[in-house]
Amino acid sequence: MSWLLFLDESGHDHRTMPYEVHGGFAIHAAKLWAFISAVKTMELSTFGAHLHQYGSELKGARLLDKDRFAWERQGPRMDDASRCRHALNFLNNGKQGRTPRRDEFTAYGQACISVAEGIIQLLAHHDAKVFAVVIPHLARPKTVPEDFLRKDLVFLLERYFYFLDSRQEMGLLVMDGSEKKADRKLVRRIERYFTQTMPGRQRTQWIVPVPMFVESDMAYGVQVADLCICCLNWGWRLPEQDMSQPTRLEIEPFVWLLEKAVWHGSGCRDGRDFATHGVIYIPDPYERR
């Protein structure tokens, strides 16, 4: 059996997010269906429907939007049955072009926050491991070759390899399909890393070097990956490494909860073992190691 690492990216457009984050979560194939089923059951019992029926997704930017927190706080905490009923009315009103009532806004906000928290708890419950690399917004230097795989992605694959090596199991890469041209470029960079660099060739011992692409609205795994890295983008900081971009205080508790699923282990370089972590910050992804 093998592990699947669901990956997504956050902040790559350099518009609203404070950092650029690549990452997601790894889960064993034997536990994947149980996890997806639990997420879908939670979604249905909380909203009264699956969000894709209304053109939405379980993504971090949607579940943890600032408006959702404002709506959540504008009324008393609802019981599960009332929240579900009003949240479903909210979705149906939006689909039919009607303005939801205040209690429906409140219920939908509470439902979004509740589902986001519940999904993160499910990650730890199903022994999933979070991996991500955070970098500042930097322009690609003109001298960098087109087929160059940035250091942040190399380090992400490296940590995944260390994890798989500790388990002595194979791992797959599952990515969000964006647009075909960009996907092909990324595949070429990954294949070059795995076939033309010594560390890359070594890491094919445990990592299948060809990523799989799926559309996020068809893959709950990629949507959950987006939720993970959205939380990290807005709430995870290492002040000692000059991570000075602002956080959203309401997101920080989700990061504390997510920490239970972040992988911590050891790696080996130049014959020396060292402690390493699934979530790291790289100040400059273009400089040499």
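About the thresholds
Residues numbered from 1 in each chain as written. Predicted model: local features only at pLDDT ≥ 70, side-chain atom pairs only at ≥ 80, totals over all residues. Heavy atoms only, no water. Helix = DSSP H or I, 4+ residues; strand = E, 2+ residues; numbered from the N terminus. Rg over C-alpha atoms; globule rule 2.2 N^0.38 Å. Buried < 20%, exposed > 50% of the residue type's maximum accessible area, 1.4 Å probe, protein only. Contact = heavy atoms within 4.5 Å. Areas by Shrake-Rupley, 256 points an atom, 1.4 Å probe, with all protein chains shown as cover. 1 Å grid on protein atoms, 1.4 Å probe; cavity = no way out; pocket = protein on both sides within 12 Å on 5 of 7 lines; lining within 4 Å. Points joined across faces, edges and corners; volume = space filled by probe spheres on them. Nonpolar A, V, L, I, M, F, W, Y, C, P; charged D, E, K, R; others polar. Core = buried A, V, L, I, M, F, W, Y, C linked by side-chain atoms within 4.5 Å. Expected span 1.5 Å × (residues − 1). Arc of directions from axis to C-beta. Pairing = 2+ DSSP bridges. Polar contact = N/O pair within 3.5 Å; in protein donor to acceptor, adjacent residues only side chain to side chain.

Student: Which parts of the structure should I look at to understand the overall build of the chain?
Tutor: The secondary structure content of the chain amounts to 10 helices and eight strands. Compactness check: the chain gives a C-alpha radius of gyration of 20 Å against a globular reference of 19 Å for 289 residues, within 12% of the reference. Along the first, second and third principal axes, the C-alpha set of the chain runs to 60 × 40 × 35 Å. Counting only residues that meet the buried cut, the chain has 54% of its 289 residues in that class. Considering only contacts in the chain between residues 6 or more positions apart, those separated by 24 or more positions represent 76%. When the accessible surface of the chain is totalled, it reaches about 14,000 Å², and 53% of it is carbon and sulfur.

Student: Quick question: what am I supposed to make of the layout of surface pockets here?
Tutor: In this approach, a probe sized like a water molecule rolls over the atoms, and the result shows the empty space that is left. There is about 980 Å³ of room inside the largest pocket. As for the largest pocket, its lining consists of 39 residues, of which Glu9, Ser10, His12, Glu20 and His22 are closest to the centre. Listing elements by their share of the lining of the largest pocket, those giving two or more residues are strand S1 (2-10), strand S2 (20-28), helix H2 (60-63), helix H6 (151-167), strand S4 (170-176), helix H7 (180-196) and helix H9 (220-235). For the lining of the largest pocket, the residue count by class is 17 nonpolar, eight polar and 14 charged.

Student: What exactly am I supposed to notice about the nonpolar core here?
Tutor: Soluble, globular proteins show a tendency: their nonpolar side chains are buried together. With 63 residues, the main nonpolar core has Phe25, Phe47 and Leu64 as its most contacted residues. For Phe25, the residues in contact, after removing those within four places along its chain, are Leu4, Leu5, Phe6, Phe35, Leu123, Ala128, Lys129, Val130, Gly221, Val224 and Ala225. Residues Leu153, Leu157, Tyr160 and Ile282 belong to the second largest nonpolar core, which totals 28 residues.

Student: Would you explain helix H1 (residues 29-47) in this entry?
Tutor: Helical geometry note: an α-helix holds 3.6 residues per turn, so side chains three or four residues apart project in the same direction. The first and last C-alpha atoms of H1 sit 28 Å apart over 19 residues, in line with the 27 Å expected at 1.5 Å per residue. Within H1, burial applies to Leu32, Phe35, Ile36, Val39, Met42, Glu43, Thr46 and Phe47. Looking down the long axis of H1, one finds its buried residues gathered within 125 degrees of arc, a one-sided arrangement. Seen from the open side of H1, the exposed residues pointing more than 90 degrees away from its buried face are Ala30, Trp33 and Thr41. Looking at the buried residues of H1, the elements they touch are S1, S2, H2, helix H4 (80-95), helix H5 (102-125) and H9.

Student: What's the story with the side chain of His86 in this structure? I'm lost.
Tutor: With respect to the helices and strands, the residue His86 is situated in helix H4. Residue His86 is classed as buried on the basis of its relative accessible area of 12%. The residues contacting His86, other than those within four sequence positions of it, are Met78, Arg101, Asp103, Glu104 and Ala107.

Student: Please clarify how empty space enclosed by the protein should be interpreted in this entry.
Tutor: Evaluated as defined, the whole model comprises two cavities of 30 Å³ or more. Computed from the structure, the second largest cavity encloses a volume of approximately 30 Å³. Around the second largest cavity, the lining residues are Leu232, Trp236, Val255, Leu258, Glu259, Val262 and Val279. Residues of the lining of the second largest cavity, tallied by class, amount to six nonpolar, no polar and one charged.

Student: How do you make sense of the pairing of S2 when you look at a structure like this?
Tutor: Consecutive side chains along a regular strand alternate between the two faces of the sheet. A large share of S2 lies buried, amounting to nine of its nine residues. Sheet topology note: the S1/S2 ladder contains eight bridges and is antiparallel. Following the sheet pairing, Leu5 is matched in S2 by Ala26. Across seven bridges, the pairing between S2 and strand S3 (residues 129-135) is antiparallel. Its bridge partner being in S3, Gly23 is matched across the sheet by Ala132.

Student: Explain the environment of Glu169 here, please?
Tutor: The topology assignment puts Glu169 in the loop between H6 and S4. As a C-alpha pair, Glu169 and Trp3 span 166 residues in sequence and 7.3 Å in three-dimensional space. Of the polar contacts made by the side chain of Glu169, one reaches the side chain of Trp3; its length is 2.9 Å.

Student: I'm lost on unusual backbone geometry in this one. Help?
Tutor: It is generally the case that most residues other than glycine have a negative phi and that most peptide bonds are trans. The phi torsion at Gln168 lies on the positive side, around 55 degrees, for a residue other than glycine. Positive phi, normally seen in glycine, also occurs at Asp270, with a value near 55 degrees. Examined against the element boundaries, Asp270 turns out to sit in the loop between strand S6 (264-269) and strand S7 (272-277).

Student: Got a minute to help me understand the environment of Phe25 in this structure?
Tutor: Following the sequence through the fold, Phe25 ends up in strand S2. Along the primary structure Phe25 and Ala132 are separated by 107 residues, whereas in three dimensions their C-alpha atoms are 8.2 Å apart.

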